[in-house]
Amino acid sequence: MLIRHLQADRTVPLNPRLLRMAAAHDLTVIVEDNVTTGGFGACFAHQAVTSLAPSRVCTVSLPHAFLPHGPRNTLLAEAGLDAQSITQTVLAGLRSSSGHPPDTSDKAHGRTRPLRSVR
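Draft legend 1. Structural view of the overall build of the protein. What the protein contains, in helices and strands, is five helices and three strands. Secondary structure of the protein in N-to-C order comes out as α-β-α-β-α-α-α-β. Here the protein, with 119 residues, has 37% of them falling under the buried criterion. Of the accessible surface of the protein, which amounts to about 7500 Å², a share of 56% is contributed by carbon and sulfur atoms.

Draft legend 2. Expanded view of the side chain of arginine 56. Tracing the sequence through the fold places arginine 56 in strand β2 (residues 56-62). Within the local environment of arginine 56, its side chain forms a polar contact with the backbone oxygen of glycine 93, the two atoms lying 3.0 Å apart.

Draft legend 3. Expanded view of the pattern of salt bridges. A complete count under the given rule lists one salt bridge for this structure. Here aspartate 33 and arginine 72 are joined by a salt bridge, their closest N and O atoms 2.8 Å apart. Within this pair, whereas aspartate 33 is found in strand β1 (residues 27-35), its partner arginine 72 is found in helix α3 (residues 72-78), the two being separated by 39 residues in sequence. Residue aspartate 33 is classed as partly exposed on the basis of its relative accessible area of 48%. In this structure arginine 72 comes out as exposed when scored by relative accessible area, which is 52%.

Draft legend 4. Layout of the packing of helix α1 (residues 16-23) against helix α2 (residues 40-50). Orientation of α1 relative to α2, taken along the N-to-C sense of each, is 70°, at an axis distance of 11 Å. Looking at the two axes, α1 sits roughly perpendicular to α2. The handedness of the crossing between α1 and α2 is right-handed. Counted together, Leu18, Leu19 and Ala22 of α1 and Phe40, Phe44, Gln47 and Ala48 of α2 form the full contact between these two elements. Class assignment of the residues belonging to the contact of α1 with α2 gives a composition of six nonpolar, one polar and no charged.

Draft legend 5. Seen up close, the nonpolar core. One finds Leu14, Leu18, Leu19, Ala22, Ile30, Phe40, Phe44, Ala45, Ala48 and Val57 forming the largest nonpolar core, which totals 10 residues. Contributing elements (two or more residues each) for this core: α1 and α2. For this core, the element with the most residues is α2, which contributes four residues. Val60, Leu62, Leu76 and Ile86 belong to the second-largest nonpolar core, a separate cluster that totals six residues.

Draft legend 6. A look at the environment of glycine 41. With respect to the secondary-structure elements, glycine 41 resides in helix α2. Overall, glycine 41 belongs to the buried group, its relative accessible area being 0%. The spacing of glycine 41 and serine 61 is 20 residues in sequence and 8.1 Å in space, taken between C-alpha atoms.

Parameters and conventions
- Residues numbered from 1 in each chain as written.
- Predicted model: local features only at pLDDT ≥ 70, side-chain atom pairs only at ≥ 80, totals over all residues.
- Heavy atoms only, no water.
- Helix = DSSP H or I, 4+ residues; strand = E, 2+ residues; numbered from the N terminus.
- Buried < 20%, exposed > 50% of the residue type's maximum accessible area, 1.4 Å probe, protein only.
- Areas by Shrake-Rupley, 256 points an atom, 1.4 Å probe, with all protein chains shown as cover.
- Polar contact = N/O pair within 3.5 Å; in protein donor to acceptor, adjacent residues only side chain to side chain.
- Salt bridge = Lys/Arg side-chain N within 4 Å of Asp/Glu carboxyl O.
- Axes fitted to C-alpha atoms, helices over the stretch in contact; angles between N-to-C directions.
- Parallel < 35°, antiparallel > 145°, perpendicular 65-115°, else oblique.
- Left-handed = near helix turned anticlockwise from the far one by under 90°.
- Contact = heavy atoms within 4.5 Å.
- Nonpolar A, V, L, I, M, F, W, Y, C, P; charged D, E, K, R; others polar.
- Core = buried A, V, L, I, M, F, W, Y, C linked by side-chain atoms within 4.5 Å.

In structure tokens, the structure reads:
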């Protein structure tokens with residue numbers, strides 16, 4: 001199993017090299033401390049679906065909703081953006097043989113919203 005960590009330098013235009021790298025892997029997980037709607041993960045997933053880069057894409061990001069006040073670590077954990085939740089999401093995605101990560105909703109991990117997966 002090969003695992004890579006990349007930090008994208010921009011959203012638009014999306015670097016085509018990232019799509020080619022994603023196509024060489026079974027699962028691409030986008031983690032961002034931004035909202036899902038209009039974020040990097042949404043842009044990347046759209047480009048992956050519409051290009052010739054067949055890769056499962058799972059985005060882990062903040063919900064597009066009002067976030068309560070609180071410590072950053074607590075808010076990120078509630079959104080599934082802490083290390084333990086991200087690890088569980090990646091492992092669940094790798095175990096999946098159906099082409100989609102399995103249900104990673106709030107019941108499974110104590111989050112306040114489900115993750116969105118594409119393809």
